[in-house]
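# Understanding the architecture of this molecule
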Amino acid sequence: MSDIDDFKRLPDQAFVRLPIVLKLYGCSAATIWRGVKTKRIPSPSKLSMRITAWNVGELRKALSNAQNEK
């Protein structure tokens, strides 16, 4: 089972870390952070001092919007 399949099963309230976001967008970490800066990709939440993660529902919405723009 792939990480993308796992992502599809997660509830919208769940959080995922950078490796999953990299697979979803198919780009480098630098491109992800540029997308966050330009608001194309949702900003992650700081869950603790050393853990940053993205909300699954926000990612799904952003990915859907990106698909609709194409």
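Everything in this summary refers to the structure shown in the same document.

### Focus: the environment of Val56
With respect to the element layout, Val56 can be found in helix 4 (residues 56-69). For Val56, a relative accessible area of 0% corresponds to the buried category. Taking the C-alpha atoms as reference, Val56 lies 9.6 Å from Val21; in sequence the two are 35 residues apart. Discounting chain neighbours no more than four positions away, the residues touching Val56 are Phe7, Leu10, Pro11, Asp12, Ala14, Phe15 and Val16.

### Some remarks on unusual backbone geometry
The backbone of Lys39 sits at a positive phi, close to 70°, despite the residue not being glycine. Secondary-structure assignment places Lys39 in the loop between helix 3 (29-37) and strand 2 (45-48).

Rules used in this analysis
Residues numbered from 1 in each chain as written. Predicted model: local features only at pLDDT ≥ 70, side-chain atom pairs only at ≥ 80, totals over all residues. Heavy atoms only, no water. Helix = DSSP H or I, 4+ residues; strand = E, 2+ residues; numbered from the N terminus. Buried < 20%, exposed > 50% of the residue type's maximum accessible area, 1.4 Å probe, protein only. Contact = heavy atoms within 4.5 Å.

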